[in-house]
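Observations on the three-dimensional arrangement
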Amino acid sequence: MDYTNKTVLITGGASGMGLLCGQTYAKDGANIVLADINAEALEKCVAEIAAYPAHVIGVPTDVRDYAQVVHARDMAVQTFGSIDILINCAGGAETRICQASGEFPDIPIGVYDFGIDVNLKGPLYFDHAVLAQMRIQKSGVIIHLGSITGEEGCAGNVAYAASKSALMTGMTKSIARYGAQYNVRCVCVAPGPVLTRPAMARMKTMVGRAAEPSEIVDLIQYLTSDRAAFITGTTYMIDGGRSAMGHA
Ligand SMILES: NC(=O)c1ccc[n+]([C@@H]2O[C@H](COP(=O)([O-])OP(=O)(O)OC[C@H]3O[C@@H](n4cnc5c(N)ncnc54)[C@H](O)[C@@H]3O)[C@@H](O)[C@H]2O)c1
């Protein structure tokens, strides 16, 4: 696909599917803005993508901080003149990231605040900031990353499951409804287990394996292309059939 002169802003761009999105769109000619809380990893990723050669900047950003989100948006527009695609990849299960264990009521409430802030408020903040730019452009595509966990629920990662459910229904539909008048589409991609971490291989699927990250990025790329111009306000489950198995 040809993304020459298109600018793609990716949150969580220093690891996993976010980084692979950056690498893939860069190879297809896009300008890349990676926003991630991990400044050290971000610097390495930017250097690697710049070698393609590609136009890329990294903006250390905590998606929980609206001022930092606005700064990332402004850096993208100042550097490249537009934001054509926003991919909200930053996120993750709160008990894993905060290294918390135990039953739900015994885990400190701050762990769940973190889960909501990163997984739900982060995409809301980025959508809010970037839509102000897409409204001026009268074009754009916004991708949310949902999860099979948003469909199944999770006894421990309650905030992660709740945030992903919210992204997969209310937020994707609402952003699509608002954006349509400005030619902005919003679509959610909800993966099952993805091998950005070896542990994901343990989750059962109908096809007997977890996804390669490239299988998810392929779908994201299609959904952000003009070939998907009729697709907005909906969620694509890409889970090897897991959601059709009953809870594994
Ligand atoms: N890997 C899976 O199996 C899987 C399954 C379903 C959904 N997802 C979702 O897909 C997305 C990407 O997953 P992944 O496995 O590629 O992720 P990953 O863990 O490899 O990378 C996540 C990135 O987000 C960044 N990040 C975390 N908190 C942040 C913050 N506050 N501000 C800015 N950046 C922050 C991290 O530094 C990291 O670079 C996530 O939203 C995840 O919930 C993943």
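Here, every reference points to the structure presented above.
Keep in mind the model is a prediction, meaning the values are calculated, not measured. Residue indices begin from 1 for each chain and proceed along its sequence in written order. Only residues with pLDDT of at least 70 get local features here, since the model is predicted, and only at 80 or more are side-chain atom pairs given and counted; chain-wide, interface and lining totals rely on the full set of residues.

Re the overall build of the protein chain
Cut-off, in case you're wondering: Helix and strand definitions here come from DSSP, where helices need a minimum of 4 consecutive H or I residues and strands a minimum of 2 consecutive E residues; each element is numbered from the N-terminal end. Just to be clear, the radius of gyration here is over C-alpha atoms, and the globule rule we use is 2.2 Å times residues to the power 0.38. Exposed residues have 12 or fewer other C-beta atoms within 10 Å of their own C-beta, buried residues have 20 or more, and residues in between are partly exposed; the C-beta atoms are placed from the backbone. By the convention adopted here, residues make contact when the C-beta atoms placed from their backbones lie within 7 Å.
Looking only at helices and strands, one finds eight helices and seven strands in the protein chain. The C-alpha atoms of the protein chain give 17 Å as radius of gyration, which agrees with the globular expectation for 248 residues (18 Å, within 12%). Its C-alpha atoms give the protein chain principal-axis dimensions of about 50 × 35 × 35 Å. Residue burial in the protein chain is summarised as follows: out of 248 residues, 48% are buried. Counting contacts in the protein chain only where the partners sit at least 6 residues apart, residues at least 24 apart contribute 68% of the total.

Overview of the pairing of strand E2 (residues 31–36)
The following threshold applies: Only strands that DSSP links by at least two bridges are regarded as paired with each other. By the criterion used throughout, a crossover qualifies as right-handed when its path from the first strand across the helix to the second strand runs clockwise, the strands pointing away from the viewer.
Buried residues dominate E2, accounting for six of its six residues. Side chains Asn-31, Val-33 and Ala-35 of E2 all project onto a buried face; the interleaved residues Ile-32, Leu-34 and Asp-36 project onto the opposite face, where all are buried too. Of the strand pairs in this sheet, strand E1 (residues 7–11) and E2 are connected by five bridges, and their pairing is parallel. From the neighbouring strand, Ile-10 faces E2, where its bridge partner is Leu-34. In this region the chain leaves E1, passes through helix H1 (residues 16–27) and returns to the parallel neighbour E2; the handedness of that crossover is right-handed. Bridge analysis of E2 against strand E3 (residues 56–60) gives five bridges, and the strand direction is parallel. Counted as the bridge partner of Val-33 is Ile-57 from E3. Viewed along the sheet, the connection from E2 through helix H2 (residues 39–50) into E3 turns out right-handed.

Observations regarding unusual backbone geometry
Excluding glycine, residues mostly carry a negative phi; peptide bonds, for their part, are mostly trans. Of the consecutive residues Tyr-52 and Pro-53, the connecting peptide bond is found in the cis state with omega at 5°. You can see Pro-53 is positioned in the loop between H2 and E3. Positive phi values are uncommon outside glycine, yet Lys-138 reaches one of about 60°. On the secondary structure map, Lys-138 appears in the loop between helix H5 (109–137) and strand E5 (140–145).

Topic: the packing of H5 against helix H7 (residues 158–179)
Here is the rule we go by: For helices, the fitted axis covers only the stretch in contact; all axes are lines through C-alpha atoms, and the angles between them, taken along N-to-C directions, range from 0 to 180 degrees. Geometric relationships in this document are graded by angle, where less than 35 degrees denotes roughly parallel, more than 145 denotes roughly antiparallel, 65 to 115 denotes roughly perpendicular, and other angles denote oblique. Crossings are classed by handedness, with left-handed meaning an anticlockwise turn of the near helix from the far one by less than a right angle and right-handed meaning a clockwise turn. Classes in brief: Ala, Val, Leu, Ile, Met, Phe, Trp, Tyr, Cys and Pro nonpolar; Asp, Glu, Lys and Arg charged; the others, Gly included, polar.
Packing of H5 against H7 brings their axes to within 8 Å, and their N-to-C directions diverge by 15°. If you check the angle between H5 and H7, you find them roughly parallel. Of the two possible hands of crossing, H5 and H7 adopt the one that is right-handed. Where H5 approaches H7, its residues Tyr-112, Gly-115, Ile-116, Asn-119, Leu-120, Pro-123, Leu-124, Asp-127 and Leu-131 are matched on the opposing element by Val-158, Ala-159, Tyr-160, Ser-163, Lys-164, Ala-166, Leu-167, Met-171, Ile-175 and Gly-179. Classifying every residue of the contact of H5 with H7 gives 13 nonpolar, four polar and two charged.

Description of the sheet that holds strand E4 (residues 85–88)
With respect to topology, seven strands assemble into an open sheet ordered E3-E2-E1-E4-E5-E6-E7, the strand pairing being parallel. Among the strands making up the open sheet, the edge pair consists of E3 and strand E7 (234–238). Mean inter-strand twist for the sheet, computed between neighbouring axes without regard to direction, equals 15°. H1 contacts E1, E2, E3 and E4 of the sheet and is inclined by roughly 165° relative to E1.

It is worth stressing that arrangement in space is one thing and function is another; only the former is reported here.
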